[in-house]
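# Chains, contacts and geometry: an overview
As a plain string of letters, each chain reads:
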Number of protein chains: 2
Amino acid sequence: MNNSKVLIKREWTSIGSLDESKVGQKVLIRARIATSRLQGANLCFLQLREKLFTVQAVIAKGGVCSKSMVKFAGDITRESIVDIEGTISKTQVPIESATQKNVELHVTSLFVVSEAQQLPILLEDLSRNQALLDQQDSEINEISRLLENTSLTNEEKEELTAKKSAASRYVNVGLSQRLQNRYLDLRVPANLSIFRIQSAVCALFREFLSAKDFTEIHSPKIISTASESGASVFKLGYFNTHAYLAQSPQFYKQMAIASDFDRVFEIAPVFRAENSNTHRHLTEFVGLDMEMAFKDHYHEVLDTLDEMMCFIFKGLESRFNKELETINGQYPFEPFKFTYPSPRFTFDEAAKFLAEEAELLKDETYIVQNNDFSTRQEKKLGQIIKKKFGVDFFIVDKFHTEVRPFYTMPDPNNPGLANAYDLFMRGEEICSGAQRIHDAKLLEENAKHHGINVADIQSYIDSFKFGCSQHAGGGVGLERVVMLYLGIFNIRKTSLFPRDPQTLLL
Amino acid sequence: MNNSKVLIKREWTSIGSLDESKVGQKVLIRARIATSRLQGANLCFLQLREKLFTVQAVIAKGGVCSKSMVKFAGDITRESIVDIEGTISKTQVPIESATQKNVELHVTSLFVVSEAQQLPILLEDLSRNQALLDQQDSEINEISRLLENTSLTNEEKEELTAKKSAASRYVNVGLSQRLQNRYLDLRVPANLSIFRIQSAVCALFREFLSAKDFTEIHSPKIISTASESGASVFKLGYFNTHAYLAQSPQFYKQMAIASDFDRVFEIAPVFRAENSNTHRHLTEFVGLDMEMAFKDHYHEVLDTLDEMMCFIFKGLESRFNKELETINGQYPFEPFKFTYPSPRFTFDEAAKFLAEEAELLKDETYIVQNNDFSTRQEKKLGQIIKKKFGVDFFIVDKFHTEVRPFYTMPDPNNPGLANAYDLFMRGEEICSGAQRIHDAKLLEENAKHHGINVADIQSYIDSFKFGCSQHAGGGVGLERVVMLYLGIFNIRKTSLFPRDPQTLLL
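Chains are numbered independently. Their residues run from 1 in the order of the written sequence. Ligands are numbered from 1 and chains lettered from A, in the order in which they are written. Where local features are concerned, this predicted model is filtered to residues with pLDDT of at least 70; where side-chain atom pairs are given and counted, the filter is 80 or more; whole-chain, interface and lining totals use all residues. To obtain the side-chain values, all non-hydrogen atoms of the structure were used and water was disregarded.

### Focus: the relation of the copies chain A and chain B
- With an RMSD of 0.0 Å, the fit of chain A onto chain B corresponds to turning through 180° and sliding 0.0 Å along the axis. Such a turn and shift between the copies fits a two-fold axis. Residue Leu236(A), judged by its C-alpha, is the member of chain A lying nearest the rotation axis, at 2.1 Å.
- Interface overlap between copies is the fraction of interface residues in one copy that are interface residues in the other; for chain A against chain B it reaches 100%, indicating a shared surface. The least-squares superposition of copies is restricted to C-alpha atoms, and to residues with a pLDDT of at least 70 in both copies. Contacts are residue-level and defined by heavy atoms, with any inter-residue pair within 4.5 Å sufficient.

Put into structure tokens, the structure is as follows:
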């Protein structure tokens, strides 16, 4: 065990940097043993893995390399970390199973730095291509369906059962087992890449807003009243009293605007005590929030949001090619399509698209009720817009007042409508926002109208009494953006240690 | 009220950009009325404020400007937001009270965009120079002391009382009143600047680590067991069970290392249910956390932390001059001194410095007890090192094992010591860190030795069973760094909406 006994400095080479330009060079590498394969007593092949990259290493008896070293190499457990020295050599034929296909390492020394115990799940199984697993599933399902036929002869039954067993070529590790062993699941290069993309989304969000002179804020998550919205909220003990967990930084980012911060953003956890067990709900997620004073019209802010999202999409595409390729190798997905500026519709226009589709498909469930979209209608809207405009990202503006929070500014030109918008990726909402009411009197009236106890939010209302810039903003759900950009349809896969109502693992 | 009725685009000029190069130009500005002063019926002077900048505006009867417009301008309440048009003109003598001293605005049109109600506290009082207030306090205290003398004649008493009343020249707004009106207090340019510095510390932290290929992570704040440390923890209801708020991302950033993230950082809230009512404790603060796999020695990580902090100090100094100047104008402070690399001592060396000082001052309270520093000893240590080395930032390495958490790697060369360090600014700890135990067996033994129920942290321990890189890291308290860099000695002033055991305001 390395406990920093000696202070030394050595030169290290990363597996990702190994290519033909390094042939003949002696290098020192730290990596995991992904697989090892003894070939007789004198030859051992290792696959070494370092983050997203793999290379083949060869340990052959001869020179400094003894027979016992070959055996030692073959006996190292998978996932152990080794320090390995050797010479880079060109391969005869490309190694298809490695990311570095044209070179291999001829090993001269090998030390185990951290030994792995027997694995509960193989990385190989955790890394399997999803398309193969889906195909296997559908084959098995088809055979199972045939097996349900009660008029089968015993012979036919046996034949189908054998076929079914043969069709189960791969272990299909379920999500719950993955999450129980999350520290192994995350090592899978596609998963490491998902979280590099997640990190990149935050970095691009900040890069864009910082260039526009936004200030980053940190608003409190422990709050004294639970009155921002009707949604459920987590309650905690707070010394001799109790408190709640913030459902969003909404009030605080608006107070920052009232305090002349002018433009603010925050990246922070958001807590929702809703008992929603869907593919896209978490009880704790990361909010990318922004709020911005504008001069004349809230479309200054909506335009900024549009430009920001397209900046993020473009940044991912142009700077994270290796990560996207790695994810695509395990979870194949359609590249995300967008144009800037993005298509933008009013809510009523979007509802009309859906009504046309309802008529076409003779499916009344696509007709919008109660001036709001259902999840299913949103999904369909995404398909319609993809077909009509060829893009996966679009904006819906001018939602109806009745479905928006009390602090939303009404549209002065259209009674019943609000200066409120949603942003959509692949037919799912990823951002909700609006111009906010910056007039204390109107805000208080609206709060009362919504049945809110004004005393509970007095400071928030008071903050608008001493002059406040008109402002608008929005909150983007980080895990949803990553999930939908990558076409992964379960948000638990884009949250490091996901929280939902059922489980509080790890 | 602007509710985005018409979509227009106008050209705006910021007050900060106004200088002699703009003389003669017509500009449109949005700003607050900081003060207004009518001079007779035909002339009004306004001070306009936009974030950190102020300029004088003159409204004089004549041309497009009527007498009623002068009156209108004089009647606008302070802190109201106005859209104001006019021509830039050179001033006869510099306007000392404005940041833009050499130009003023000759107003041709004026609209109130958002009207302020009567203010509970004047911005002028919130902006007063702290040195003036401290001087006033000490004068008043001195007179009060004299008044306590029982042998005073009535005449002397009256004289002193009059003197005391005359000494109270300024309203000294206390911290609690400031926090109750935080949305006004934050408008003060020095306070706006404090939070621009806070934002900058985060940006510099990320800039430095991102350039070294660190990945940003978001670990959960709702956790199932409260066993990281003995410190108190907030408990919350979680559907049919209960959960806790994370006291740090420690376990999760280490699990990310076990998952091959290699280098991670996180900026997120940290929750501590300690009933500590001091100048430097909050129940919720922002943690700047990092964790890093190293090759041979944990000093690779400690060197990175040192370089990182100096990068932040240098960045503040070189890029945020205006903000630092503005803060200094209200809260005068000694510039923060550092050298890179920073002075570094072992705990035992630092204890020796203190022992020498104890002998010199004949003050035994400076002698270190129980192998740990008291707050008072840390403060003294800061003074000693400032005197000896001329710097406000230094590192203490090799703390004793007994005062560090169970997951700290022992020093293999010195029994009783650990590979553990603290970073100090102006004699206060701002970062605690160490090499961590990456061996599951030793970690489990240590946990048991510390009386921890191993089953509660089984996943954390299991994550090290399948090979893990040696690693070290640390957590920096954001509000403390800002407080100490600026020499402000109450952490509530560097937290946007501070949380302590007594108050959950706003």
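### Looking at the packing of helix H3 (residues 130-147) of chain B against helix H4 (residues 154-167) of chain B
Residue and element names in this part refer to chain B.
- Contact geometry for H3 and H4: axes closest at 9 Å, N-to-C directions at 165°. Judged by the angle between their axes, H3 and H4 are roughly antiparallel. Once H3 is placed against H4, the crossing between them reads as left-handed. Judged by residue contacts, Gln136, Glu139, Ile140, Ile143, Ser144, Leu146 and Leu147 of H3 engage Lys157, Leu160, Thr161, Lys163, Lys164 and Ala167 from H4.
- Any residue outside Ala, Val, Leu, Ile, Met, Phe, Trp, Tyr, Cys, Pro, Asp, Glu, Lys and Arg is labelled polar, Gly included; the first ten of those are nonpolar and the last four are charged. Tallied by class, residues from the contact of H3 with H4 come to 6 nonpolar, 3 polar and 4 charged. To obtain an axis, a line is fitted to C-alpha atoms, over the contacting stretch when the element is a helix, and the angle between two such axes runs from 0 to 180 degrees between their N-to-C directions. Helix and strand definitions here come from DSSP, where helices need a minimum of 4 consecutive H or I residues and strands a minimum of 2 consecutive E residues; each element is numbered from the N-terminal end. Here roughly perpendicular refers to angles of 65 to 115 degrees, roughly parallel to angles under 35, roughly antiparallel to angles over 145, and oblique to all remaining angles. Each crossing gets its handedness from the near helix: less than a right angle anticlockwise from the far helix is left-handed, clockwise is right-handed.

### Topic: unusual backbone geometry
- Looking along the chain, the bond that leaves Tyr340(A) and enters Pro341(A) is cis, with omega of -5°.
- Here Pro341(A) lies in the loop between helix H10 (321-330) and strand S12 (344-346).
- Even without being glycine, Asn371(A) reaches a positive phi, approximately 55°.
- One can find Asn371(A) in the loop between helix H11 (347-361) and helix H12 (375-389).
- In this model, Glu79(B) sits at a positive phi of 75°, which is unusual for a non-glycine residue.
- Within the secondary structure, Glu79(B) sits in the loop between helix H1 (67-75) and strand S4 (81-90).

### Points about the side chain of Ser342(A)
All names here are of chain A.
- You can see Ser342 is positioned in the loop between H10 and S12.
- Pairs of N or O atoms within 3.5 Å make up the polar contacts considered here, provided that, within protein, one atom can donate a hydrogen while the other can accept it, and that residues adjacent in sequence are counted only when both atoms are side-chain atoms. At 2.6 Å, the side chain of Ser342 forms a polar contact with the side chain of Asp306.
- With residues up to four places along the chain from it excluded, the contact list for Ser342 reads Asp306, Cys310 and Phe393.

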